Structures are given as structure tokens and as C-alpha cells.
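Report on the structure
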Amino acid sequence: MPLKLFNTLSRKIEEFQPIHPPKIGFYACGPTVYDRAHIGNLRSYIFEDVLRRTLIHDGHKVRFVMNITDVGHLTSDADEGEDKLEKGAKREHISVWEVAEKYTKLFKQDLQTLNIEEPDEWLKATDNIKEQIELIKKLETKGFTYKTSDGIYYDTSKFPKYGELARLNLKGQKEGARVEVNNEKRNSTDFALWKFSPKDQKRQMEWESPWGIGFPGWHIECSAMSMKALGESFDIHTGGVDHIPVHHTNEIAQSQGATGKPFVKYWLHGEFLQIDGGKMAKSAGNFYTLDILKEKGFSPMAYRYLVLGAHYRTKLNFTFEALKASQNAYEELVNQVANMADKPKIGCGEIENKFFEAIDNDLNTAQALAVMWEMLKSQNPDSAKKASLFKMDEILGLGLKEIKSIKIPKIIQKLVEARETARKNKNFKLSDELRSQIFDKGFQVDDTESGPIIKLK
Ligand code: AMP
Ligand code: ZN
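Here the structure is a predicted model, which means the values were calculated and not measured.

Turning our attention to the nonpolar core. By size, the foremost hydrophobic cluster in this structure holds 83 residues, and its most contacted members are Tyr303 and Phe318. The biggest single contributor to this core is helix H1 (residues 39-57), with eight residues. When neighbours within four sequence positions are excluded, Tyr303 is seen to be in contact with Ile39, Gly40, Arg43, Ile46, Leu114, Leu273, Leu293, Phe318 and Leu323.

So this is what it looks like as C-alpha cells:
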């Protein structure tokens, strides 16, 4: 079955056809490194990891790049307010460069903890200032830019398809839907390409440019760096749904404005992790980090499992009860794997195919997990189940291959078998007695739908 993905551009599920098979260029908007990533942010990166694993599994040669925003992302997400990195520096009494380094490192650690594979290439905004200036110059030559007292802006009225991705109603917006902050802007949707450093203040991060000393706007980095890494037209671009109306809309205007070519073929967006029915966000202060989950005794894989349990295009409301249920399911999975002593062999044909069909159907991980449990409950031998499970885990990324089989002594095995017979004969007194004998020898036996599971006590 071919891979089908929901393309935000067409609002339709489309069959995935790379531009230059078997190669795929894939760009994911990365973190703004001024603070810890929260588990909402990390939901987006898990979704992208599943997509990347699926493409690789389907035989494509994927080049996956991610940016690190270490300059230019202002607190308002538009063109006003403080640079988030400068804000982080003030908060922690360290330099902006140190803030960027600190949170980049922690972000990479979070990815590793969640089994999210590192990109083939990291691109840092501050390492690519020259490329961003070049792109702005191109836009200037083509007549897309104008100057105000605080920077160089993109005139969105010059790009006829502006807002196509987000289905923006530009007329409605002009009539005052947005409160105008910068009255030098020609259109409310115009955005900064280059901002001048304030006259009365020296920024820690600033560069010379043909327009004056300053720093790049937030959106230009992703246009410049994605095209540098993947060419002017590439296959896939992702981010959270909040990027649709502004950031990605502006990236399209910049890139297509400059090159005159289509920028990205498939746009994919992950829905939010919510908390108490609202978006989990740093600015709202209602967020958890992976560290907090760990402090509360949860395994990061339980969080990954929780995220996989919901389709990436549905909102997921975070609660500790749901996380607990995921932790239980994940632990049961681990126990089942640990109890499969046999070497993986062949696989469970049909059920395994059903799993990959669910994944190829716009990454339906929720359904795929259900199929995985169906497979575990099936009558297939352990060797086949294990083989299928390992193949499934290439997509799920739950680290199942690393789980060591428990070496169960013969005597324990005998006791468990005797207990099973006692249970079948409804001799519960004997079965309880055998359970405590097993326990005294350092093991615990749990009864599950697919039979008894032996764990270390
Ligand atoms: P940021 O570091 O703020 O630039 O965000 C990094 C990524 O996380 C972006 O792709 C956002 O769209 C995404 N994101 C932010 N908040 C959430 C949330 N509550 N749930 C899922 N993704 C989110
Ligand atoms: Zn971006």
C-alpha cells in the first residue's frame, strides 16, 4: 500500500510521490532555544520522527534537516516585543550565546531520551546570516520589500498567493481583524525580514547588512536554510499547527517570491498537546518538561507511548491519569518482550501487514498500536511475534530491541507451569501457594490475556 499523507496545502489526504525518488528532502522547524522544551513541543518532534522512520521503512533515502532558532524570534511571534533569546539571557544572567548553547544541548538530550533520531543536519540561524541577507537582497531586487524606521519588511500584497496555505481571508484582516501595532506597515500581514538594532541599545547578537546593523526576522532563517540544505523545491516541511497562519505562510511568500518556483510539495502539521482543554505553552506557564515527568516516576517512553496513542492530527489532552495508563501499557509490553526467550524469526505475516497499512494511512499510530496488541494476543509463536514487534518498533521507536530477555531459571518455569495447571483446574489454593513460592525465589508472575508474564520482583 502506498504511503498516504494529509497535505495542509490541499487539505486532502494525498498519495506520497517524492519529487526526485528515491531521495526525499525533509525540513522540520526546530526549537527556539531560550528555555527547556515542554512535552507539547516534544509531541511535534515525535510525530516528525514517526514520519521520518516511516519514509525510511518504505525505502526512501531521506535527508532530514532541522533548524535551531537562536536569534530573531520575538516574544509576540510577530515583529514586536523582545527577542526570546535576550529574554532568556536576562532571566539567567548569562550571555545570549550561552543561553543558546545551554538549551540546544538540553533539547538534543530530550530527543535522545525519547528515542527521537537526530537530524542528518542541524542548521543554526546565527551560522547562516549571510544566506539570509542574500535571500532578502533577492526579494529586494524583485520588489517585494520596503523599509520602515525599524526594519526591512515584506510587502505581502505583492505576492498574489499570500495566505493560500492557511486559507487566510485577507480582505477580512485588512478591515481591522488584527490590531495594528506597527503603523508603518503597509498591510497587517506584512512581516520583518531584517530588523535594525535599537539606536539606544547594543544587542548581543547583531550583524552588518546592506540596510544597517541588525538581525534577521524569524521567518527568513527557515526559507534560507531549508533551500540551502535541500534545494529551492523540496518534498516535506513540518511543524506544529500554530505555524500554519504565520511562520509557514511567510516562508512560502519568501521562498516562492525569491525563486518563482514551488517551495514545498507536502506540508504536514502536528496538532497540539493540550492541558485542561487549552494549548500547553511556555507563555501560558502551564507546561511540563520531561524532567518533571521523570521526577514524578514516569518513564519517557511512557510519554512517547501516550503520544503514539493519538493520531498526530488530533488534539491530545494531557493528564497524569492518561500517562499512568500509558506507563502500564508500556510496562506490559516490556514484560512481554522480556519473556520472549526465542530468537526473532519470520514474523506474523498478515497482522504485521495490517500494522504497516495503518501507518501508511496518514501515520495512524493509534490504530497501529491496537494492531500490535492484537498480534501479541494471537496464537503465533513467540519467535514470530518478536520478529514482527521489532519491525513495528522501527516505526514506533519504543526501544524494544534493547530490552533484555529475562533469564528464567528452570525451577521457576516449572512452578509457573504447575500454577497454570492448578488455575485451569480451578485449584486456586494451590495456585496461590505456587505464586508465593515463585515470589520467594525472586520472581513475580502476572496473569495477562496472553498468558502469564514472569517479572523480576
Ligand atoms: P518553539 O520552540 O516554540 O519554536 O516550538 C517548537 C515546536 O513545538 C513548533 O513546531 C511548535 O509548533 C510546536 N509546539 C508548540 N506548542 C505545542 C503544543 N502544545 N503541542 C504540540 N506542539 C507544540
Ligand atoms: Zn521554521
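For the rest of this paragraph, the subject is the domain arrangement of the chain. Domain parsing of the chain yields domain 1 (4-270), domain 2 (275-402) and domain 3 (410-456). Each of domain 1 and domain 2 has a C-alpha centre, and the two are 30 Å apart. Contacts between the two partners involve 33 residues from domain 1 and, on the opposite side, 38 residues from domain 2. In total, about 3,000 Å² of surface goes out of reach between domain 1 and domain 2, with carbon and sulfur atoms giving 61% of it. Of all residues in domain 1, the largest losses of buried area upon contact with domain 2 belong to His38, Ile39 and Arg43, amounting jointly to 25% of the total for that side. With its nearest N and O atoms 3.8 Å apart, the salt bridge here joins Asp242 to Lys279. Every element with two or more residues in the side of domain 1 that touches domain 2 is listed here: strand S1 (4-7), H1, helix H3 (96-113) and strand S11 (264-270).

What follows deals with the UniProt feature "binding site: Zn(2+)" (unreviewed entry) in the chain. Feature annotation in UniProt places "binding site: Zn(2+)" (unreviewed entry) on Cys29, Cys222, His247 and Glu251, given in this structure's numbering. Despite a sequence span of 223 residues, these residues sit close together in the fold, their greatest C-alpha distance being 11.1 Å. Lining the largest pocket, from this annotated set, are Cys29. When sequence neighbours within four positions are dropped, the list of residues in contact with His247 reads Cys29, Trp218, His219 and Cys222. Its location among the elements puts Glu251 in helix H7 (residues 244-259). Judged by relative accessible area, Glu251 falls into the buried class, the value being 0%. Setting aside chain neighbours within four positions, we find Glu251 in contact with Cys29, His219, Cys222, Ser223, His237, Phe263 and Trp267.

In this section: the site of ligand 1. Taken together, 17 residues are adjacent to ligand 1, and Gly40, Ser44, Asp242, Leu273 and Met280 come closest. Note that a nitrogen atom of ligand 1 is positioned 2.9 Å from one of the side-chain N or O atoms of Ser44. For ligand 1, a nitrogen atom lies 2.8 Å from a polar atom in the backbone of Leu273. Contact with the protein chains hides 94% of the accessible area of ligand 1, taken as 500 Å² for the molecule alone. Of the pockets mapped on this structure, ligand 1 occupies the largest pocket. Residue assignment for the shell around ligand 1 shows that the elements contributing at least two residues are H1 and strand S10 (234-240). Considering each element in turn, the shell around ligand 1 owes the most residues, four residues, to H1. Class assignment for the residues of the shell around ligand 1 results in five nonpolar, nine polar and three charged.

This paragraph deals with the UniProt feature "binding site: ATP" (unreviewed entry) in the chain. Feature annotation in UniProt places "binding site: ATP" (unreviewed entry) on Lys282, given in this structure's numbering. Beyond its immediate chain neighbours, meaning those up to four positions away, Lys282 contacts Thr32, Tyr34, Asp35, Arg36, Ala37, His38, Asn41 and Phe287.

Right, let's talk about the coordination of the zinc ion (ligand 2) for a bit. Looking at the zinc ion (ligand 2), the protein donor atoms are Cys29 (SG), Cys222 (SG) and His247 (NE2), and they sit 2.1 to 2.2 Å from it. Mapping the donors of the zinc ion (ligand 2) onto the primary sequence yields the spacing C-x192-C-x24-H. Taken together, the residues span a long stretch of sequence, with Cys29 in the loop between strand S3 (23-28) and H1 and Cys222 in helix H6 (residues 218-230) at a distance of 193 residues. Residue Cys29 shares its accessibility class with Cys222, and that shared class is buried.

So, on to the pattern of salt bridges. A complete count under the given rule lists 30 salt bridges for this structure. Among the salt bridges present, the one from Asp155 reaches Lys158, with a minimum N-O distance of 3.6 Å. Residue Asp155 is classed as buried on the basis of its relative accessible area, which comes to 3%. Arg423 is the partner of Asp447 in a salt bridge, and the nearest nitrogen-oxygen pair spans 3.3 Å. Here Arg423 lies in helix H14 (residues 410-424) and Asp447 lies in strand S15 (residues 443-448), a separation of 24 residues in the sequence. Of the residues examined, Asp447 reaches a relative accessible area of 33% and is grouped as partly exposed. Residue classification places Arg423 among the partly exposed residues on the basis of a relative accessible area of 30%. One network of salt bridges, in which partners are shared, links Arg419, Glu420, Arg423, Arg435 and Asp447.

The rules behind each value
Residues numbered from 1 in each chain as written. Chains lettered and ligands numbered in written order. Predicted model: local features only at pLDDT ≥ 70, side-chain atom pairs only at ≥ 80, totals over all residues. Heavy atoms only, no water. Core = buried A, V, L, I, M, F, W, Y, C linked by side-chain atoms within 4.5 Å. Buried < 20%, exposed > 50% of the residue type's maximum accessible area, 1.4 Å probe, protein only. Helix = DSSP H or I, 4+ residues; strand = E, 2+ residues; numbered from the N terminus. Contact = heavy atoms within 4.5 Å. Domains from an automatic or database assignment. Buried area = accessible area lost by both parts, 1.4 Å probe. Salt bridge = Lys/Arg side-chain N within 4 Å of Asp/Glu carboxyl O. UniProt positions renumbered as here; feature names shortened; annotations may be inferred. 1 Å grid on protein atoms, 1.4 Å probe; cavity = no way out; pocket = protein on both sides within 12 Å on 5 of 7 lines; lining within 4 Å. Near = heavy atom within 4 Å. Polar contact = N/O pair within 3.5 Å; in protein donor to acceptor, adjacent residues only side chain to side chain. Areas by Shrake-Rupley, 256 points an atom, 1.4 Å probe, with all protein chains shown as cover. Sits in = over half its atoms within 2 Å of the grid points. Nonpolar A, V, L, I, M, F, W, Y, C, P; charged D, E, K, R; others polar. Donors = N, O, S within 2.8 Å, 3.2 Å for Na, K, Ca; no water.

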